[in-house]
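Observations on the three-dimensional arrangement
Here's the letter readout for the chains.
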Amino acid sequence: MVDGETEKSTSRRVVPETRVILDGNETGQPGPRYFMLHKPQGYVCSTGDPQHPTVLDLLDEEITGDLHFAGRLDIDATGLVLITSDGQWSHRIVAPGRKCRKRYRVTLADPLTASGAEKLRQGVLLRNEPQPTQPAMLEILAERSCLLTITEGRYHQVKRMFAAVGNRVIGLHRASIGNLELDDDLAPGAYRRLSLQEIEVVTR
Ligand code: URA
């Protein structure tokens with residue numbers, strides 16, 4: 001019910017003063033919502049999947065129908081996922097022209113060669129794509145692990161970048177998006193709301 005009357009339209013606009021009641025409960029102040037979640041393995045970033053649990057199943061929120069992901073992670077990847085109902089905000093994070101940085105901790109099947117590292121930094125051709133990847137930042141942590149920062153978000157990009165230099169990703173964890181780091185206090189599967197400051201600084 002919106003201001004005492006049954007509302008059938010899902011696109012009805014409301015202002016903070018509007019009284020919205022869902023299934024008999026006041027919904028509180030309406031407005032966009034912003035969460036960070038530590039994605040565990042085995043979950044898909046999808047709003048509905050017949051075979052696998054979705055990241056939205058991890059949310060203890062009454063209403064999830066208006067939520068979407070500001071950048072997805074593969075089912076076997078872990079780490080930072082941003083979830084919101086604010087399409088303009090998520091667009092600033094995922095739009096290719098915005099070049100928002102994503103940092104990944106990557107574990108590899110084989111040792112990374114110096115020439116492989118150099119190619120990844122400069123840009124590599126992905127299978128079936130005409131344009132090489134944008135220059136990336138690569139920090140070597142050990143023979144088989146590194147931190148890779150990219151500004152694009154092509155399909156399975158990190159796995160395909162390492163495949164392009166003859167290696168294979170066996171562990172993928174997203175540590176940050178823009179200026180937002182995954183909170184160390186969030187165990188896999190846990191989530192929290194973003195602060196106003198975090199909402200503002202993510203793409204600054
Ligand atoms: N790149 C990938 O290959 N997988 C992800 O989940 C994210 C980036």
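The residue numbering used here restarts from 1 in each chain and proceeds along that chain's sequence as written. The predicted origin of the model limits local features to residues at a pLDDT of at least 70 and limits the giving and counting of side-chain atom pairs to 80 or more, whereas totals for whole chains, interfaces and linings rest on all residues. Side-chain figures throughout are based on the complete set of non-hydrogen atoms in the structure, without hydrogens or water.

**Re the overall build of the protein**
When its secondary structure is counted, the protein shows four helices and eleven strands. Overall size of the protein, expressed as C-alpha extent along the three principal axes, is 65 × 35 × 30 Å. Evaluated residue by residue, the protein yields a buried proportion of 43% over its 204 residues. Two residues qualify as a contact provided that any one of their heavy atoms is within 4.5 Å of a heavy atom in the partner residue. Counting only contacts in the protein whose residues sit at least 6 apart along the sequence, the fraction spanning at least 24 positions is 62%. Elements are defined by DSSP. Helices are runs of H or I of four residues or more, strands are runs of E of two residues or more, and each kind is numbered from the N terminus. Burial here depends on accessible area, computed with a 1.4 Å probe over protein chains only, as a share of the maximum for the residue type. Under 20% is buried, over 50% is exposed, and the range in between is partly exposed.

**Here's the deal with the environment of N25**
Turning to its location among the elements, N25 is positioned in strand β2 (residues 25–26). For N25, a relative accessible area of 41% puts it in the partly exposed group. N25 sits 24 residues away from M1 along the chain, and the two C-alpha atoms are 9.7 Å apart.

**Thoughts on the site of the ligand**
Proximity is defined per residue: any heavy atom of the residue falling within 4 Å of a molecule or strand makes that residue near it. The local shell around the ligand consists of L73, D74, A77, Y104, H156, Q157, V158, K159 and L172. D74 places a main-chain nitrogen or oxygen 2.7 Å from an oxygen atom of the ligand. H156 is positioned with one of its backbone polar atoms (N or O) 3.2 Å from an oxygen atom of the ligand. In isolation the ligand has 240 Å² of accessible area, and contact with the protein removes 95% of it. All amino acids are sorted into three groups, where Ala, Val, Leu, Ile, Met, Phe, Trp, Tyr, Cys and Pro are nonpolar, Asp, Glu, Lys and Arg are charged, and the leftover types, Gly among them, are polar. Across the shell around the ligand, the residue classes tally to five nonpolar, two polar and two charged. In terms of domain composition, the shell around the ligand takes at least three residues from each of domain 1 (31–98 + 183–204) and domain 2 (101–177). Here a polar contact is taken to be a pair of N or O atoms separated by no more than 3.5 Å, where protein atoms must pair a possible hydrogen donor with a possible acceptor and residues adjacent in sequence count only if both atoms sit in side chains. Calculation of accessible area relied on Shrake-Rupley with a 1.4 Å probe; when residues are assessed, cover is drawn exclusively from the protein chains displayed. For the purposes of this description, domain bounds are those given by an automatic or database domain assignment.

**Let's talk about the domain arrangement of the protein**
Segmentation of the protein into domains returns domain 1 (31–98 + 183–204) and domain 2 (101–177). Relative placement of domain 1 and domain 2: their C-alpha centres are 22 Å apart. Between domain 1 and domain 2, the residue contacts involve 15 residues of the former and ten residues of the latter. Approximately 960 Å² of surface area, both sides summed, lies buried where domain 1 meets domain 2, with 44% of it carried by carbon and sulfur atoms. Throughout, buried area stands for the accessible area (probe radius 1.4 Å) lost by two parts on being put together, summed over both. When the buried surface of domain 1 facing domain 2 is broken down by residue, D74, T78 and L80 rank first, second and third, together holding 43% of it. Criterion for a salt bridge: a side-chain nitrogen of Lys or Arg within 4 Å of a carboxyl oxygen of Asp or Glu. Our enumeration of links across domain 1 and domain 2 arrives at two salt bridges. Of the charged contacts, one joins K159 and D74 as a salt bridge, the two residues approaching to 2.8 Å between their closest N and O atoms. Applying the counting criterion to the domain 1 and domain 2 interface returns eight residue pairs in polar contact (both at pLDDT 80 or more).

**So, the pattern of salt bridges**
A side chain of one charge can pair with a side chain of the opposite charge if their charged atoms are brought near each other. One pass over the full model with this rule turns up 14 salt bridges. For R33, the salt bridge identified is with E61, shortest N-O distance 3.7 Å. Of this pair, R33 sits in the loop between β2 and β3 (34–39) while E61 sits in the loop between β3 and β4 (68–69), placing them 28 residues apart in sequence. A relative accessible area of 12% places R33 in the buried class.

**Focus: helix α1 (residues 87–94)**
Listed in full, the buried residues belonging to α1 are W89, S90 and I93. The arc enclosing the buried residues of α1, seen along the axis, measures out at 95°, which places them on a common side. Buried-residue contacts for α1 involve β3, β4, β5 (78–84), β6 (102–108), β9 (169–177) and α4 (196–201). Looking at where α1 begins, the residue whose side-chain oxygen comes 3.1 Å from the main-chain nitrogen of Q88 is D86. Think of it as the arc spanned by the lines of direction from the helix axis to the C-beta atoms.

**Observations regarding helix α2 (residues 114–122)**
What α2 keeps buried is the set G116, A117 and L120. Seen end-on, α2 carries its buried residues on one side only, within an arc spanning 100°. Those residues of α2 that are exposed and angled more than 90 degrees off the buried face are A114 and Q122. Where α2 is buried, its residues meet β7 (137–142) and α3 (157–164). Just downstream of α2, G123 is the residue with a positive phi angle, here 125°.

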